[in-house]
Amino acid sequence: MNELESVGLSTDPNQLIELARTWGYTVGGRLLVAIAVWVIGLWVIRGVVRGLNTVMEKRHLDPSLKPFMKSLINTLLKIMLVLSVLGTLGVEMTSFIAFLGAAGIAIGMAMSGTLQNLAGGVMILIFKPYKVGDVIEASGYTGTVKEIQIFNTILNTPDFKTIIIPNGQLATNSMINYSTEDKRRVDWTFGVGYGTSTDKAREIIANLASQDERIFKDPELFTAVSALADSSVNIVVRAWVKSPDYWAVYFDMNDKVYKAFNEQGIEIPFPQVQVHMSK
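Residues numbered from 1 in each chain as written. Predicted model: local features only at pLDDT ≥ 70, side-chain atom pairs only at ≥ 80, totals over all residues. Heavy atoms only, no water.

Participant: When you look at helix α7 (residues 198-210) in this model, what are you seeing that I'm missing?
Facilitator: In an α-helix there are 3.6 residues to a turn, and that puts residues three or four apart on one side. Between the first and last C-alpha of α7 there are 18 Å, a value that for 13 residues agrees with the 18 Å anticipated at 1.5 Å per step. What α7 keeps buried is the set Ala201, Ile204, Ile205, Leu208 and Ala209. The buried residues of α7 all sit within an arc of 135 degrees when viewed along its axis, so they share a single face. Exposed positions of α7 whose direction lies more than 90 degrees from the buried face are Asp199 and Glu203. On its buried face, α7 sits against β6 (183-192), β7 (222-228), β8 (233-242) and α8 (246-263). (Helix = DSSP H or I, 4+ residues; strand = E, 2+ residues; numbered from the N terminus. Expected span 1.5 Å × (residues − 1). Buried < 20%, exposed > 50% of the residue type's maximum accessible area, 1.4 Å probe, protein only. Arc of directions from axis to C-beta. Contact = heavy atoms within 4.5 Å.)

Participant: Just checking my understanding: could you explain the packing of aromatic side chains for this structure?
Facilitator: Taken as a whole and assessed by the stated rule, the structure comprises 6 aromatic pairs. Ring plane angle 25 degrees and centroid distance 5.6 Å describe the contact between Trp247 and Phe251, whose orientation is recorded as stacked. With Trp247 and Phe251 both in helix α8 and 4 residues apart, this pair spans about one turn of that helix. Residue class for Trp247 comes out partly exposed when judged on its relative accessible area of 49%. With a relative accessible area of 49%, Phe251 lands in the partly exposed category. Between the aromatic rings of Tyr250 and Phe251, the centroid separation amounts to 5.5 Å while the plane-to-plane angle is 75 degrees, which identifies the pairing as edge-to-face. Linked through ring pairs, Trp188, Tyr246, Trp247, Tyr250 and Phe251 together constitute an aromatic cluster. Positioned over the ring face of Tyr246 is Arg184, at 3.7 Å from the centre of the ring. (Phe/Tyr/Trp six-rings, centres within 6.5 Å; stacked < 30°, edge-to-face > 60°. Lys NZ or Arg CZ within 6 Å of the ring centre and 35° of its normal.)

Structure (structure tokens):
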């Protein structure tokens, strides 16, 4: 018995030729189908990526999001295409897919924080709760958005510090965006001494506000006695300004009111303690 017979193959040349022909047809057919699947798949992927790019252009998505989304979709679709081609060639995919799934779970658990920041970055770039140049308050920091990255957002604070905040925190926690509206309300509380005419103090404040062109006439200035505190009568003042003028108006009004009160003899009290001695 020769080697072919030992493995159950015939030694008849005609049978061997027929077997080779059958095997060639089977493998060749699968190979042709796999090539066709690969070529058509690449053509479909290019069309999907072009369509995605068109949709992103129409929705005016952030420029930094476009290459990331195209690369991500392109990579995922090509992985699916490779798996399809391997399946067409007869490669057993069950064990392979199970291995990929287990590896994906392990990697996901090890990189859970990073993946959360990645997902947060994508959500921020899609829904745009803020954009570059906006002034926001988040995670205990206030600053101007300098850059929105996939994993982090970079802020510049008024004192020129660079703050890096993970996008996962920004996407899941509360945040204040001071730049979404074109106007903001400025609030002050000025204290005057007991016995001072609050009408006179409010008139001085109103005159100062009317002279500042940055303060809107509509909505009009609001002033009122807000509290009878331990050492002062507190007058609350509310005015509306353009968002970029907020801090300039706030500081200017503090300075003007202090000077005007001094000139008009209006007492600006400070906390005091009276001690009575008894014999």
